[in-house]
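Topology and contacts: notes
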Amino acid sequence: MSLFNAYVSLSGALDATIKQDEPLGHHSSFRIGGKASLFAAVHSHVALVRVLEVLAANRVDWVLLGKGSNILVSDKGYNGCVIVLDDELSTISVGENNLITAGAGALTARVCNEAMKAGLSGLEMCAGIPGTIGGALSMNAGTRHDWIGKAVRDCVVLKPGKGLVRYDASEIEWGYRYTTFAPDEIILETTFALTPSDRSKVALGMDTLLQRRRNTQPTGQLCCGSVFKNPGSRSAGALIEECGLKGTTEGGAQISDIHANFIVNTGNATAADVIALMRRAHDAVQEKFDIDLQPEVKLLGFGA
């Protein structure tokens, strides 16, 4: 692996901003994490292809990052290249036949707002979910019972070494916080097939869910969203709370006293603090309920 050669080859690359030793805490809603050896903000499909070619030639590992709203970065950072999609890859267009097409780098909140303004229903479940459309699709974001995948007509992905591939929604498996996109596939764009509705009804549906999230989650605090997936019909937050861990602290991290499936950075938390609380919650639930909680938050830079 030659990070230096990759940096030299990419410096001055068309439609891309390349940096070394970029602090990833600046790109995470947790505001936690060390540095990325390389950081590439790509502004077009052409630039993305070029960046991937150079990284492959130099055997540099890479990872795609949205707005970092569902990620915990190691205190040691990431010894590879973090890629962010921007500009051309974050556009939104409202078309005919109740369709909205959005680049993977587009903010989920912006797409929801465009649907509301157009009087199109089908994305209400995403109201209040931070991050980008690409991230929302990759994890099939939504509520416990309603997911973004249900609104998808098709997706365009980039398969390194193979080029662009369009998937019909039926070619992807959509489950609770689960999809069958391959790990090396980069979602570039998706088209949503929505349903005409009264604008005020769509707005009410989104506002209701948004207010519910504000009332029950630590919105406005430094956190990454739900830490664990809900195991079946059980609520991970309720299980952790029943173990008496709500409000528990470790260094600068705290299991939220609003919702126990959220861990918040009270100001100076480290990734090690968060991991310690995750282990404590996991082990307590395992011991008390014999339930093996699985992380929903993505971990970056922690090794195998």
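Residues numbered from 1 in each chain as written. Predicted model: local features only at pLDDT ≥ 70, side-chain atom pairs only at ≥ 80, totals over all residues. Heavy atoms only, no water.

Description of the UniProt feature "domain: FAD-binding PCMH-type" (unreviewed entry) in the protein chain
For clarity, the cut-off: UniProt positions are given in the numbering used here, feature names are shortened, and annotations may be inferred rather than shown by experiment. Counting from the N terminus, the helices are DSSP H or I runs at least four residues long and the strands are E runs at least two residues long.
Feature annotation in UniProt places "domain: FAD-binding PCMH-type" (unreviewed entry) on residues 31–197, given in this structure's numbering. Taken end to end, residues 31–197 is 17% helix and 37% strand, and its two terminal C-alpha atoms sit 39 Å from one another.

A short note on the pairing of strand E9 (residues 152–159)
Note the threshold: Burial status follows relative accessibility: with a 1.4 Å probe on protein chains alone, a residue under 20% of its type maximum counts as buried, one over 50% as exposed, and anything between as partly exposed. A pair of strands is considered paired only if DSSP assigns at least 2 bridges between the two.
Of all 8 residues making up E9, 7 are buried, and the element is well covered by its neighbours. Here 6 bridges tie E9 to strand E13 (residues 186–193), and the two strands are oriented antiparallel to one another. Note that in E13 the partner of Leu158 across the bridge is Ile186. Of the pairings in the sheet, the one linking E9 to strand E10 (residues 163–168) comprises 6 bridges and is antiparallel in character. Bridging across to E10, Lys159 finds its partner in Gly163. Between the end of E9 and the start of E10, which pair antiparallel, lie 3 residues, with Gly161 showing a positive phi angle near 85°.

Examining the UniProt feature "active site" (unreviewed entry) in the protein chain
Rule in force here: Contacts are assigned to residue pairs with any non-hydrogen atoms lying within 4.5 Å of each other.
Following the UniProt record, the feature "active site" (unreviewed entry) maps to Arg177, Ser226 and Glu296 here. What stands out for the annotated residues spanning 120 residues is how close their C-alpha atoms remain, the widest pair being 11.1 Å apart. Looking at the element boundaries, Ser226 is found in the loop between strand E15 (222–223) and helix H6 (236–242). Once residues lying within four places of it in the same chain are set aside, the contact partners of Ser226 are Asn70, Asn261, Phe262, Glu296 and Val297. On the basis of relative accessibility, which here comes to 9%, the residue Glu296 falls in the buried class.

Digging into the sheet that holds strand E1 (residues 16–23)
For sheets, the rule is that strands pair by backbone hydrogen bonds, running either parallel or antiparallel. Keep this limit in mind: Each axis is a line fitted through C-alpha atoms, taken for helices only over the stretch in contact, and angles between the N-to-C directions span 0 to 180 degrees.
Sheet architecture is open: 4 strands sit in the order E1-E2-E5-E3, paired in mixed fashion. Of all strands in the sheet, those with a lone pairing partner are E1 and strand E3 (62–65), marking the two edges. Strand after strand, the sheet turns through a mean of 25° between neighbouring axes, direction not considered. Taken together, the 6 bridges between strand E2 (residues 35–42) and strand E5 (residues 78–85) define a ladder with parallel strand orientation. Counted as the bridge partner of Ala41 is Val84 from E5. Across the sheet, helix H2 (residues 45–57) lies against E1, E2, E3 and E5, angled at about 165° from E5, the strand it touches most.

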